[in-house]
Amino acid sequence: MADIFDVIADGTRRDILRILLDRATAGERGTSVSHIVHELGASQPTVSKHLKVLREAHLVTVREEGQHRYYSLSAAPLDEVDDWLVPFLGEGEDAAMAAASSLPDSAAHAAEVVGRAAASAKYKLGNALKKLPGR
């Protein structure tokens, strides 16, 4: 299996992961290859090549319905990236991690979910602001 950092180093693969995340957040139960091709403006062979790499890295799952394939995000392998990044986030993060480790498991899990949701919202807002005219 390819190193997770090599897999996500490619911008097209990151774009595919973002599409899958956005569609999952919208309640979709999978995204067709044709939808990904349309969103990216890339060729079907190019998208299929990148989906194969993402599948082999276990970042996506595929569901087959007849001749159609529907892809979904499987973010668990990204935990390795998250674990690698944590030491670089600064001392404030160390204090937050220490405080979280003293919480009961259910509270620590809730704090993690809220933190990830906040980070995702910040990312989406930042991208939306970049798309505004005059920016």
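Treat the numbers as computed from the prediction; the structure is a model and nothing was measured.

Cut-offs used in this document
Residues numbered from 1 in each chain as written. Predicted model: local features only at pLDDT ≥ 70, side-chain atom pairs only at ≥ 80, totals over all residues. Heavy atoms only, no water. Pairing = 2+ DSSP bridges. Helix = DSSP H or I, 4+ residues; strand = E, 2+ residues; numbered from the N terminus. Core = buried A, V, L, I, M, F, W, Y, C linked by side-chain atoms within 4.5 Å. Buried < 20%, exposed > 50% of the residue type's maximum accessible area, 1.4 Å probe, protein only. Contact = heavy atoms within 4.5 Å. Arc of directions from axis to C-beta. pLDDT = per-residue confidence, 0-100. Patch = residues over 30% accessible without salt bridge, like charges linked within 9 Å, V, L, I, M, F, W, Y side chains within 5 Å. Areas by Shrake-Rupley, 256 points an atom, 1.4 Å probe, with all protein chains shown as cover. Salt bridge = Lys/Arg side-chain N within 4 Å of Asp/Glu carboxyl O. Axes fitted to C-alpha atoms, helices over the stretch in contact; angles between N-to-C directions.

1. Points about the pairing of strand E3 (residues 68-73)
The side chains of a regular strand alternate between both faces of the sheet.
Moving on, step 1. In this sheet, E3 lies alongside strand E1 (residues 31-32) in antiparallel orientation, the contact comprising two bridges. Residue Thr-31 lies in a different strand from E3, and its bridge partner there is Tyr-71.
Moving on, step 2. Between the antiparallel neighbours strand E2 (residues 60-65) and E3 lie two residues, among them Gly-66 with a positive phi of about 65°.

2. Here's the deal with the nonpolar core
Moving on, step 1. In this structure, Ile-16, Ile-36, Val-47, Leu-51, Leu-54 and Leu-59 are the most contacted members of the largest nonpolar core, which totals 18 residues.
Moving on, step 2. Counting only elements with at least two residues in this core, the list comes to helix H1 (4-8), helix H2 (11-25), helix H3 (33-40) and helix H4 (44-56).
Moving on, step 3. Top element by residues in this core is H2. It accounts for four residues.
Moving on, step 4. With near-sequence residues (within four places) excluded, Leu-59 lies in contact with Ile-4, Val-7, Ile-8, Leu-17, Leu-54, Ser-72, Leu-73, Ser-74, Pro-77 and Leu-78.

3. Describing H3
Moving on, step 1. Along H3, the residues that are buried comprise Val-33, Ile-36 and Val-37. One side of H3 holds all its buried residues, which, seen down the axis, span an arc of 100°. Residues Ser-34 and His-38 are exposed on H3 and point more than 90 degrees away from its buried face.
Moving on, step 2. The elements touched by buried residues of H3 are H2, E1, H4 and E3.

4. Describing the environment of Ala-75
Moving on, step 1. Its location among the elements puts Ala-75 in the loop between E3 and helix H5 (79-85).
Moving on, step 2. In sequence terms Ala-75 and Leu-21 are 54 residues apart; their C-alpha atoms lie 9.1 Å from each other.

5. What about the confidence of the model for the chain?
Moving on, step 1. Looking at the chain, pLDDT values average 82 and 77% of them are 70 or higher.
Moving on, step 2. Element-level pLDDT for the chain is lowest in helix H6 (residues 91-101), with a mean of 57, against a maximum mean of 96 in H4.

6. Some details on a nonpolar patch on the surface
Moving on, step 1. Together, Trp-84, Leu-85 and Phe-88 give the surface a local cluster of nonpolar side chains, amounting to about 350 Å² of exposed area.
Moving on, step 2. Mapped onto the secondary structure, Phe-88 falls in the loop between H5 and H6.

7. Comments concerning the sheet that holds E3
Moving on, step 1. With antiparallel pairing, the three strands of this open sheet are ordered in space as E1-E3-E2. Both outer strands of the open sheet, E1 and E2, are each paired with one neighbouring strand and no more.
Moving on, step 2. Most of the contacts of H2 go to E3, to which it runs at about 85°, and overall it touches E1, E2 and E3.

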